[in-house]
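Each chain is listed here by its residues.
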Amino acid sequence: MSRSSPRSSYNEVLSMLKTHNQWFANSIPLIASENVTSPAVREATISDFANRYAEGWPGERVYAGCIYIDEVEFKCMELAKKLFKAEFVDVRPISGVVANLAIYSAFSNPGDTMMAPSIPSGGHISHGKKEHAGTAGLVHGLDIEFYPFDAEEMTIDVDKTKEKVKELEKAGKIPKLAMFGGSVFLFPHPVKELADFLKSYNMFVNYDGAHVAGLIAGGQFQDPLREGADAMTMSTHKTLFGPQGGMVCSFEKYGESIKKATFPGMTSNHHLHHMAGKAIAYAEMLEFGKKYAVQVIKNAKALAEALNSSGFTVLGEKRGFTKSHQIVVNVLSFGDGGTIEADLEKANIIVNRQLIPGDIKAGRNYFHPGGMRLGVAELTRLGMKESNMKQVAEFIKKVVIDKKDKKKIALEVKKFRKDFQKVRYCFESKHGGYDYIKIR
Ligand SMILES: *Cc1c(COP(=O)(O)O)cnc(C)c1O
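Labelled according to an unreviewed UniProt entry, the protein chain appears under the name Serine hydroxymethyltransferase, originating from Nitrosotalea sinensis. According to UniProt, the comment filed for the protein chain under the heading Function (unreviewed entry) is "Catalyzes the reversible interconversion of serine and glycine with a modified folate serving as the one-carbon carrier. Also exhibits a pteridine-independent aldolase activity toward beta-hydroxyamino acids, producing glycine and aldehydes, via a retro-aldol mechanism."

Here you go:
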């Protein structure tokens with residue numbers, strides 16, 4: 001048991017927060033699901049909205065005190081609709097997983113089946129089976145059938161999916177839901193190619209844009225709602241500029257069901273400070289999103305090419321490595337993903353280990369998988385361009401291939417980061433993205 005006094009624990013926590021900020025200010029953050037927010041979004045998240053309740057729909061709340069909260073939420077919805085060209089939006093889901101759960105609850109029942117990508121082929125744990133403690137299976141009782149995946153093309157196999165659905169029909173197991181999108185997401189999914197087919201079996205087609213929402217908003221990825229998806233769920237903080245949160249975009253005809261699933265189904269309070277942060281992020285995205293998304297994809301390609309030519313095996317080579325913010329590297333020639341992730345962290349390079357196609361069959365697991373995943377959303381938000389991606393690749397090579405001294409590289413990384421402290425693609429940027437702001 002710890003002997004520390006409340007006051008010393010209090011000081012310790014605050015001091016760790018500050019140290020964390022300083023560490024990230026001196027690091028190369030490459031986690032594909034992360035980004036850094038503008039000072040304006042950070043301001044929203046420490047406002048008094050953080051302490052309030054506003055259950056229900058704006059204008060129909062169950063508490064008083066919501067005058068300004070309602071105005072902000074109406075504005076947030078208006079901006080979201082414009083950004084994603086959506087008839088209906090629900091900005092209340094508090095995370096991407098909660099947005100997915102709202103869709104499961106609104107459009108399926110426990111015991112129904114959902115088609116989704118498996119985890120080694122990019123699926124997210126919220127699409128997963130009960131035996132893997134996946135949200136869809138564990139929380140909503142869905143059975144999951146995986147899409148056939150083409151590991152060379154790194155996307156869902158259209159013809160084999162059609163065959164599989166026909167087999168499921170024969171077995172009396174037609175899925176109720178079809179889920180596109182994933183966490184390893186290099187190339188657009190075949191929504192256009194499959195939506196009509198899936199809908200002819202009465203499936204509700206959802207697109208999980210958690211990772212790529214900012215690229216979609218910037219018009220640089222696919223456009224699921226125009227390609228046949230009935231709804232799109234997302235996280236608001238990966239390639240989008242928001243604080244952590246979720247959202248559903250859909251069509252008017254599904255609005256009532258989604259509304260009820262979000263509240264009272266999935267949320268009571270919906271974290272109003274983050275809702276306000278989303279509104280600010282959507283305004284930033286409307287203004288700067290296109291330029292940002294274009295640069296993100298250029299940077300991802302540049303990093304993939306640089307890594308590939310320095311001796312790494314980058315997946316998706318046949319299709320030019322990536323069309324998103326992500327890169328997936330097979331690291332088996334140099335160790336396993338787990339060890340490499342830890343080595344890079346010591347050099348202030350933050351990545352995540354990643355299951356890749358073939359890992360499960362080869363007996364590798366999540367702790368020691370064959371790959372690592374990199375994302376350039378955050379580095380791009382800090383203003384980095386293609387030439388900087390070459391420097392990033394060089395740092396990674398020095399650690400993983402050349403096995404250079406990690407402490408020394410951490411110092412080089414710190415120096416490299418000096419010029420990239422402010423958040424770009426936003427209206428105002430007085431404070432650096434990682435400045436620790438003390439208000440005590
Ligand atoms: C990250 C992710 C989510 C979960 O998002 P949270 O906002 O962390 O709950 C859902 N789906 C996919 C595909 C993801 O990558």
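And the narrative resumes.
### Some thoughts on the packing of helix α12 (residues 337-346) against helix α14 (residues 386-400)
Look at α12 against α14: their axes get within 10 Å of each other, and the N-to-C directions meet at 115°. For α12 against α14, the interelement crossing comes out right-handed. Contacts between α12 and α14 involve Ile340, Asp343 and Leu344 on the former and, on the latter, Ile396, Val399 and Val400. Here the residues of the contact of α12 with α14 are counted per class, giving five nonpolar, no polar and one charged.

### Things to note about unusual backbone geometry
Here the amide bond leading from Phe263 into Pro264 is cis, since omega sits at 10°, within 30 degrees of zero. The residue Pro264 is located in helix α10 (residues 252-266) in this model. One non-glycine residue, Ala133, lies in positive phi territory at about 60°. Along the chain, Ala133 falls in the loop between β3 (113-116) and α5 (135-138). With relative accessibility at 46%, the residue Ala133 sits in the partly exposed group. A positive phi angle, near 55°, is found at Met154, a position not held by glycine. Here Met154 lies in the loop between β5 (149-150) and β6 (155-156).

Parameters and conventions
Residues numbered from 1 in each chain as written. Predicted model: local features only at pLDDT ≥ 70, side-chain atom pairs only at ≥ 80, totals over all residues. Heavy atoms only, no water. UniProt positions renumbered as here; feature names shortened; annotations may be inferred. Axes fitted to C-alpha atoms, helices over the stretch in contact; angles between N-to-C directions. Helix = DSSP H or I, 4+ residues; strand = E, 2+ residues; numbered from the N terminus. Left-handed = near helix turned anticlockwise from the far one by under 90°. Contact = heavy atoms within 4.5 Å. Nonpolar A, V, L, I, M, F, W, Y, C, P; charged D, E, K, R; others polar. Buried < 20%, exposed > 50% of the residue type's maximum accessible area, 1.4 Å probe, protein only.

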